[in-house]
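Summary of structural features
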Amino acid sequence: MTETVVLLTGFSGNELARLKGAFPGVADIRAVSNPEELSRLQFGPHMLLLSFGTSVIVTPEVLGRLGRPAYNLHAASPEFPGRDPHHHAIYRDATTYGATLHIMDAKVDAGPIVATEMFPVAPDATPASLLEAANEAGIRMIEKVGARLLDVEPMSSLTGIAWGNVKTTRADLIRLSNITPLIDEVELRRRYRALEGGAYDNLVVRIHDRMFRIDKRATATAASVAVDDDFTEDAYCRLLSMLKAGQYRFAFYGDVVSDRHVIWRHDVDFSMHRAAALAEIEAKEGVMATYFVNPHSIFYNLLEPSVTKLVHRIAELGHEIGLHFDSAAYDLKKWDIGHLETCVERERKLLEIAFEVPVRSLSWHNPDMSNLLDFDADRINGLWNAYSRQLRNEYRYCSDSNGYWRFQPMSAVIAEGYPRLHLLTHPEWWTKERLSPSERVDRAILGRARQVRREYDAGLAKAGRHNIT
């Protein structure tokens, strides 16, 4: 006969009163909250031990002294054994949750399950609200089965209900709270929601062996950017509209054009993804451009499948692909025409083989880093030269180099109405939102790094291998 019920719990007030009320007829109901209080009890078959709402671990030695089953109520569904289950349930998008009553054994959250109380997870649930609901479900369950727990014989285990195969520890929650700059937006949102509440309300990021805590209460505020620095897609479209309103024909290098026209050029220095985005905008506007791509770029790899696909798409839209020749790849400061033409020809062939398109023109990358500006003929090894003497002398030129207008905004140059325009933009500067040039460079670099990380993760998943973090 059960003479004493010991509630190992952190609950107090109404919750504790409800737990005690689940055992009618038992005069001696004791609530203990720490190992010291537990160790001072005189255990025996007359005593029922129920653990609920506590992090105290009942040792095998104590279980052995009881002489009858002890029970633990785990404030989570069986799918989530271990520590901090409410955080992991949110992270794993659980649609149902609950409380699990099981017989205690030497291992935590491992004994036979004897009862569950389940409920649907609300779409706006947080870890805190999920824990609160699980605790309430647990109290309801004890109110239902309290009299049965007083029996000396253990409750029968539930058929077909087993613990989940992933038992979490506090280290798992700490790992979940650590993010890297390579995290994608979807994963960040999942962790942002899963780490809400308690001591782990803030995510953290490690940079150069220093840990930084992300204050989730703070919201980012947009920096004040001058109108002339408005390098957004909307501003880009306004430039195209100005050119079209000014009756400019969009020409390629080498075209024989006598009327008002613009050679609309892009040197792709950092981001092929931004280049493809602008190419789509231009195609919708009925505008054609020349995209100069760099075979030696350290920011993108033309032979990488995803990048190759983007270059193909640019060409499919009717734009031309040109060679962006990077002299730094050869570590040469002083060129002669023979060596230059040999290198240009090799890179032209590479592009034509890789993309199966004709390459008709070239531009220099950072030409002031060597003597490339000395080569100002109309053609170099048969390719139209974007730095030719004719273009310099006969066309009004403007560039967005380094993400700002060094001399005059392009809109002002277009407004002058000069009949021949040679306009250079770099796709990485033109984004949906306003950013500083340095932020745009970071965006391109981190965007590529995140894509590489996603492909690595996808490769492991496809091969069925572990992705250990």
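Our subject in this report is the structure included herewith.

Criteria and thresholds
- Residues numbered from 1 in each chain as written.
- Predicted model: local features only at pLDDT ≥ 70, side-chain atom pairs only at ≥ 80, totals over all residues.
- Heavy atoms only, no water.
- Axes fitted to C-alpha atoms, helices over the stretch in contact; angles between N-to-C directions.
- Helix = DSSP H or I, 4+ residues; strand = E, 2+ residues; numbered from the N terminus.
- Parallel < 35°, antiparallel > 145°, perpendicular 65-115°, else oblique.
- Left-handed = near helix turned anticlockwise from the far one by under 90°.
- Contact = heavy atoms within 4.5 Å.
- Nonpolar A, V, L, I, M, F, W, Y, C, P; charged D, E, K, R; others polar.
- Core = buried A, V, L, I, M, F, W, Y, C linked by side-chain atoms within 4.5 Å.
- Buried < 20%, exposed > 50% of the residue type's maximum accessible area, 1.4 Å probe, protein only.
- Pairing = 2+ DSSP bridges.
- Phe/Tyr/Trp six-rings, centres within 6.5 Å; stacked < 30°, edge-to-face > 60°.
- Lys NZ or Arg CZ within 6 Å of the ring centre and 35° of its normal.
- Right-handed = clockwise from strand over helix to strand, strands pointing away.
- Polar contact = N/O pair within 3.5 Å; in protein donor to acceptor, adjacent residues only side chain to side chain.
- Salt bridge = Lys/Arg side-chain N within 4 Å of Asp/Glu carboxyl O.

1. Things to note about the packing of helix 8 (residues 233-245) against helix 9 (residues 272-284)
Contact pair helix 8 / helix 9: the axes reach a minimum separation of 11 Å and the direction vectors enclose 45°. As judged from the angle between their axes, helix 8 and helix 9 are oblique. Both helix 8 and helix 9 take part in a crossing whose hand is right-handed. Of helix 9, the residues touching helix 8 (which contributes Glu-233, Tyr-236, Cys-237 and Leu-240) are Arg-274, Ala-277, Leu-278, Ile-281 and Glu-282. Considered class by class, the residues forming the contact of helix 8 with helix 9 number six nonpolar, no polar and three charged.

2. Comments concerning the nonpolar core
The biggest cluster of nonpolar side chains holds 64 residues, and the ones touching the most others in it are Trp-264, Met-272 and Leu-423. A per-element tally of this core places helix 9 first, with six residues. Other than its neighbours up to four places away in sequence, Met-272 contacts Val-293, Tyr-300, Leu-302, Val-307, Leu-310, Val-311 and Ile-314. Of all hydrophobic cores here, the second largest spans 48 residues; its members include Leu-48, Tyr-97, Val-121 and Leu-150.

3. Focus on the sheet that holds strand 6 (residues 113-120)
The pairing of strands in a sheet comes from backbone hydrogen bonds and takes either a parallel or an antiparallel form. Taken together, the six strands give an open sheet; going across it, the order is 2-1-3-4-5-6, and neighbouring strands pair in mixed fashion. Each having just a single partner strand, strand 2 (28-32) and strand 6 make up the two edges of the open sheet. On average, each strand axis in the sheet is inclined to that of its neighbour by 15°, with strand direction left out of account. Bridge count for strand 5 (residues 96-103) against strand 6 is seven bridges, and the pairing is antiparallel. When the bridges of strand 6 are listed, Gly-98 appears paired with Met-118.

4. Quick notes on the packing of aromatic side chains
Taken as a whole, this structure holds 16 aromatic pairs when the rule is applied. An aromatic cluster is present here, built from Phe-231, Tyr-236, Phe-250, Trp-264, Trp-405 and Trp-430 joined pairwise through their rings. Its guanidinium or amino end placed over the ring of Tyr-248, Arg-260 lies 4.5 Å from that ring's centre, counting from NZ or CZ.

5. Concerning the side chain of Asp-84
Along the polypeptide, Asp-84 turns up in the loop between strand 4 (71-74) and helix 4 (85-91). Not counting residues within four places of it along the chain, the set of residues in contact with Asp-84 comprises Thr-169, Arg-170 and Leu-173.

6. Thoughts on unusual backbone geometry
For Asp-109, which is not a glycine, the phi torsion comes out positive at approximately 50°. Tracing the backbone shows Asp-109 in the loop between strand 5 and strand 6. Exposure remark for Asp-109: the relative accessible area of 6% places this residue in the buried category. Even without a glycine there, the phi angle at Asn-381 is positive, about 55°. With respect to the helices, strands and loops of the structure, Asn-381 is situated in the loop between strand 15 (379-380) and strand 16 (383-385).

7. Here we look at the pairing of strand 12 (residues 290-293)
Burial along strand 12 is two-sided: the residues Thr-290 and Phe-292 and Tyr-291 and Val-293 are all buried. Examined bridge by bridge, strand 11 (residues 261-268) and strand 12 share four bridges and lie parallel to one another. Following the sheet pairing, His-266 is matched in strand 12 by Tyr-291. Crossover handedness for the path strand 11 to helix 9 to strand 12: right-handed.

8. Here's the deal with the environment of Glu-416
With respect to the helices, strands and loops of the structure, Glu-416 is situated in the loop between helix 13 (410-415) and strand 18 (420-425). Glu-416 sits in the partly exposed class, given a relative accessible area of 43%. Beyond its immediate sequence surroundings of up to four residues, Glu-416 is in contact with Arg-396 and Gln-408. Of note is the side chain of Glu-416, whose polar atom sits 3.0 Å from the side chain of Arg-396.

9. Looking at the pattern of salt bridges
Following the criterion strictly, the structure yields 30 salt bridges and no others. Between Arg-274 and Glu-233 there is a salt bridge, with the nearest N and O atoms lying 2.9 Å from each other. Here Arg-274, found in helix 9, pairs with Glu-233, found in helix 8; they are 41 residues apart in sequence, far enough to count as distant. The same class applies to Arg-274 and to Glu-233, which are both buried. Among the salt bridges present, the one from Asp-267 reaches Arg-265, with a minimum N-O distance of 2.8 Å. Each member of the pair, Asp-267 as well as Arg-265, is classed as buried. One continuous salt-bridge network, built from bridges that share partners, spans Arg-18, Glu-117, Glu-136, Arg-140, Glu-143 and Lys-144.

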